[in-house]
Amino acid sequence: MADITQKEITKANRAAWNASAPLHGEGKHWEQLLENAAHPGFSVLDPFLTATLEGLDLKGKSAVQIGCNNASELISLASLGILPEMGIDQASGFLAQAKKLADAAGLDLRLLEADIYELPSDVGQFDLALITIGVLNWMPDLSEFFRITSGLLAPGGRLVIYETHPFMEVFDPASSTPFEPAFSYFERQPQTVTEAITYDGEDHGEGETGYWFIHPLGEIITACAQSGLGIIELREYGHTIREPEYDIYEGRTAQIPMSYCLVARTVSSPQGR
């Protein structure tokens, strides 16, 4: 593939996500989500992420979600006593859905449409930065991403990442041999994504072209640590949090890692600053 710049990658990914947004803002699932958001104690967080957040003593603390999508997870933080203040995403289509969900929940969120690599100077700082599945792999430069993320945290602030495990990128569930490695764990070239981006496991046809990156766990941990954040814990899980087609890798005797949760805290200035 010809060289492509970081700006071109993020622009393409913005177009890909905006093209997919209408597929998520309609139908029974969306209507149910909108209805549920109006109920006290609304949460879409699973027990693993909920337990992690509850153990961090964040009640009454402010939160930002990076790559917030429709903000359903950000809104869910309110059920834990955490103050959801800002959601950042570059796809305006999903932020429009986020506004509807926030209104239903009676929350006044600041929803910022921006490329994470080009944030405005007045974003502010927060006690919690939350990143969930489907964010890191769209990032062409992890070191810069974590440097910016670190800057969003107030002194003593925590970063929580709940993501699909990078080892899952080795496999292709649609292959005729889904349990054999199909991709290199150490591939550094961006992977071209041409199909519409959805989570339901259904084929919705072609979408706008986006770019997906395989970031090994060591690269993620190193970029996080070098941004000035201290690693508190890293938990790896054998359960899936991604599309239904990956369910075939769960519940096996020889279980592979399928997801992880990383918790870090501001401790110092990042290297080079």
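Just so it is clear, the structure is predicted and the values come from calculations on it, not from any experiment.

How each quantity is defined
Residues numbered from 1 in each chain as written. Predicted model: local features only at pLDDT ≥ 70, side-chain atom pairs only at ≥ 80, totals over all residues. Heavy atoms only, no water. Pairing = 2+ DSSP bridges. Helix = DSSP H or I, 4+ residues; strand = E, 2+ residues; numbered from the N terminus. Axes fitted to C-alpha atoms, helices over the stretch in contact; angles between N-to-C directions. Parallel < 35°, antiparallel > 145°, perpendicular 65-115°, else oblique. Left-handed = near helix turned anticlockwise from the far one by under 90°. Contact = heavy atoms within 4.5 Å. Nonpolar A, V, L, I, M, F, W, Y, C, P; charged D, E, K, R; others polar. Expected span 1.5 Å × (residues − 1). Buried < 20%, exposed > 50% of the residue type's maximum accessible area, 1.4 Å probe, protein only. Right-handed = clockwise from strand over helix to strand, strands pointing away. 1 Å grid on protein atoms, 1.4 Å probe; cavity = no way out; pocket = protein on both sides within 12 Å on 5 of 7 lines; lining within 4 Å. Points joined across faces, edges and corners; volume = space filled by probe spheres on them.

Caption draft 1: The sheet that holds strand β4 (residues 126-132), seen in detail. With mixed pairing, the 7 strands of this open sheet are ordered in space as β3-β2-β1-β4-β5-β9-β8. Taken across any chain shown, the strands that pair with only one partner, and hence form the sheet edges, are β3 (110-113) and β8 (229-237). In this sheet, adjacent strand axes meet at a mean angle of 15° when their direction is disregarded. With 7 bridges joining them, strand β5 (residues 153-164) and strand β9 (residues 259-266) adopt antiparallel strand pairing.

Caption draft 2: Expanded view of the packing of helix α6 (residues 142-151) against helix α7 (residues 217-226). Two elements in contact, α6 and α7, have axes separated by 8 Å at closest approach and are oriented at 40°. By the angle between their axes, α6 is oblique relative to α7. As α6 runs across α7, the sense of the crossing is right-handed. Together, Leu142, Ser143 and Phe146 of α6 and Glu219, Ile220, Ala223 and Cys224 of α7 make up the contact between the two elements. Considered class by class, the residues forming the contact of α6 with α7 number 5 nonpolar, 1 polar and 1 charged.

Caption draft 3: Layout of helix α5 (residues 92-105). For α5, which comprises 14 residues, the first-to-last C-alpha distance of 20 Å matches the rise-based estimate of 20 Å (1.5 Å per residue) to within 8%. By the burial criterion, the buried members of α5 are Gly93, Phe94, Leu95, Gln97, Ala98, Leu101 and Ala102. Elements in contact with the buried residues of α5: α1 (6-24), α2 (27-37), α4 (72-76), β2 (83-89) and β3. Looking one or two places after α5, you find glycine 106, whose phi comes out positive at around 75°.

Caption draft 4: Representation of the pairing of β5 in the model. Judged by how many residues are buried, β5 sits mostly within the fold: 10 of 12 residues are covered. Where the polypeptide runs from β4 across α6 and back to β5, its parallel neighbour, the crossover connection is right-handed.

Caption draft 5: Summary view of the layout of surface pockets. Approximately 190 Å³ is the volume found for the second largest pocket. Its residues assigned to classes, the lining of the second largest pocket shows 7 nonpolar, 3 polar and 3 charged.

Everything listed is a geometric property; what it means functionally is a separate question.
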